[in-house]
Amino acid sequence: MVYGKEHKKVLQSIMHEGAMDENRGKELISKLFGHTNTVQVLGEINAKLVPLHMIIKHINCEVTGQLYWVWTSTMQDKVASFHPEFSQAELALLRNIFSEIVTSNNGHASSTWCLNLCSSLNQKLTKANAQEFLHEMVNRKWLFCKDGKYYMGVRSIVELLQYFKDTYQENLQTCILCKQILFYAKKCDQCHTMTHVYCLKNYAMTRGNSECPNCHYSLSQHDHSSNDINSAMDIDKSDSEIDEVTEPSHKRSKRRH
Ligand SMILES: [Zn+2]
Ligand SMILES: [Zn+2]
């Protein structure tokens, strides 16, 4: 199908939201195109985006497993492309939270920890302002919040991956199943292998039992941490990989903070 105004509308909606819930995306495509062949429509949009060095990627929320479509650049340079409208104080807060998520053993930062951080920042930020800012970060999918804990949001995982690689090389972990970098994971008590919760769930569904993909230690009986998350998950397993596009030659200039 020729790229038309329907494609444009889909792209604009994704750009507007930053990260679009796949269910909403399906709804939108069904309304505009009269079918739900999202792979075809996104493929047509991505073909149009190639010369602009942009792409729509698929990514799962690490906590819920929900699939999102994220519009992002195919050229990530060494400096994070944080949104220019953030203040210096907000950026400082955000970078500290990322740091806490990456270096903690549990893949999250508590909201109390985040708000207490305000007083130790070089730039002034009131707790009320910080709270409002964090709320906005969650709405725009830079962070994910559950039960007073902040996790890495889907946009951060897609758009700031190069920044995380450069900043936290030795602290970054990879999922044994999908080989992608992960921030929040199920860790095997026996061999300490890390797995995305949603990857493990897919793996368990195909095998009919819940065991470590590495050492085959049974994870179900010993799992206290993510039972609530597992039961809340509903994953479309065919779409769980991130579409990889390599575009190594160009560098986009970005603001340095
Ligand atoms: Zn994975
Ligand atoms: Zn294991």
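Residues numbered from 1 in each chain as written. Chains lettered and ligands numbered in written order. Predicted model: local features only at pLDDT ≥ 70, side-chain atom pairs only at ≥ 80, totals over all residues. Heavy atoms only, no water.

1. Let's talk about the pattern of salt bridges
Pairing between side chains becomes possible if they bear opposite charge and their charged atoms approach one another.
(1) Moving on: Counted under the stated rule, the structure contains 7 salt bridges.
(2) Moving on: Two residues, Arg24 and Glu17, come together in a salt bridge whose shortest N-O distance is 2.4 Å.
(3) Moving on: Taking the shortest distance from any N to any O, the salt bridge between Asp147 and Lys146 comes out at 3.6 Å.
(4) Moving on: Its relative accessible area of 61% is what places Asp147 among the exposed residues. (Salt bridge = Lys/Arg side-chain N within 4 Å of Asp/Glu carboxyl O. Buried < 20%, exposed > 50% of the residue type's maximum accessible area, 1.4 Å probe, protein only.)

2. Looking at the sheet that holds strand β1 (residues 19–21)
(1) Moving on: Ordered by their spatial adjacency, 3 strands build an open sheet running β1-β3-β2, and the pairing between neighbours is antiparallel. This sheet does not close on itself; its edge strands, each paired only once, are β1 and β2 (54–60). Each neighbouring strand pair of the sheet contributes to a mean axis angle of 25°, computed without reference to strand direction.
(2) Moving on: Of the pairings in the sheet, the one linking β2 to strand β3 (residues 67–73) comprises 7 bridges and is antiparallel in character. Across the sheet, Ile59 pairs through a bridge with Tyr68, a residue of β3.
(3) Moving on: Contacting β1, β2 and β3, helix α1 (residues 5–17) runs over the sheet at an angle of about 110° to β1.
(4) Moving on: Packing against the sheet, helix α3 (residues 38–49) makes contact with β2 and β3, and its axis sits at approximately 140° to β2. (Pairing = 2+ DSSP bridges. Helix = DSSP H or I, 4+ residues; strand = E, 2+ residues; numbered from the N terminus. Axes fitted to C-alpha atoms, helices over the stretch in contact; angles between N-to-C directions. Contact = heavy atoms within 4.5 Å.)

3. Digging into the pairing of strand β6 (residues 149–152)
(1) Moving on: Where strand β4 (residues 109–110) lies against β6, 2 bridges are found, and the strand directions are antiparallel. Looking across to β6, one finds that Ala109 is bridged to Tyr150.
(2) Moving on: Pairing of strand β5 (residues 143–146) with β6 involves 4 bridges; the strand directions are antiparallel. The residue of β6 that forms the bridge with Lys146 is Lys149.
(3) Moving on: With antiparallel pairing between neighbouring strands as the criterion, β5 and β6 make up a hairpin whose turn holds 2 residues, including Asp147 at a positive phi of roughly 50°.

4. With respect to the coordination of the zinc ion (ligand 2)
(1) Moving on: At the metal site, the zinc ion (ligand 2) is ligated by Cys188 (SG), Cys191 (SG), Cys212 (SG) and Cys215 (SG), and these contacts range over 2.2 to 2.3 Å.
(2) Moving on: Note that the zinc ion (ligand 2) binds 4 donor atoms; their angles at the metal cover 106 to 113°, and the shape is tetrahedral.
(3) Moving on: Ordering the donors of the zinc ion (ligand 2) by residue number gives the pattern C-x2-C-x20-C-x2-C. On the criterion of sequence distance, the pair formed by Cys188 in the loop between β9 (186–187) and β10 (194–195) and Cys212 in the loop between α9 (197–207) and α10 (227–232) is long-range, its members being 24 residues apart. The two residues Cys188 and Cys212 agree in class, both being buried. (Donors = N, O, S within 2.8 Å, 3.2 Å for Na, K, Ca; no water. Tetrahedral: all angles 85-135°; square planar, octahedral: opposite > 155°, others 65-115°.)

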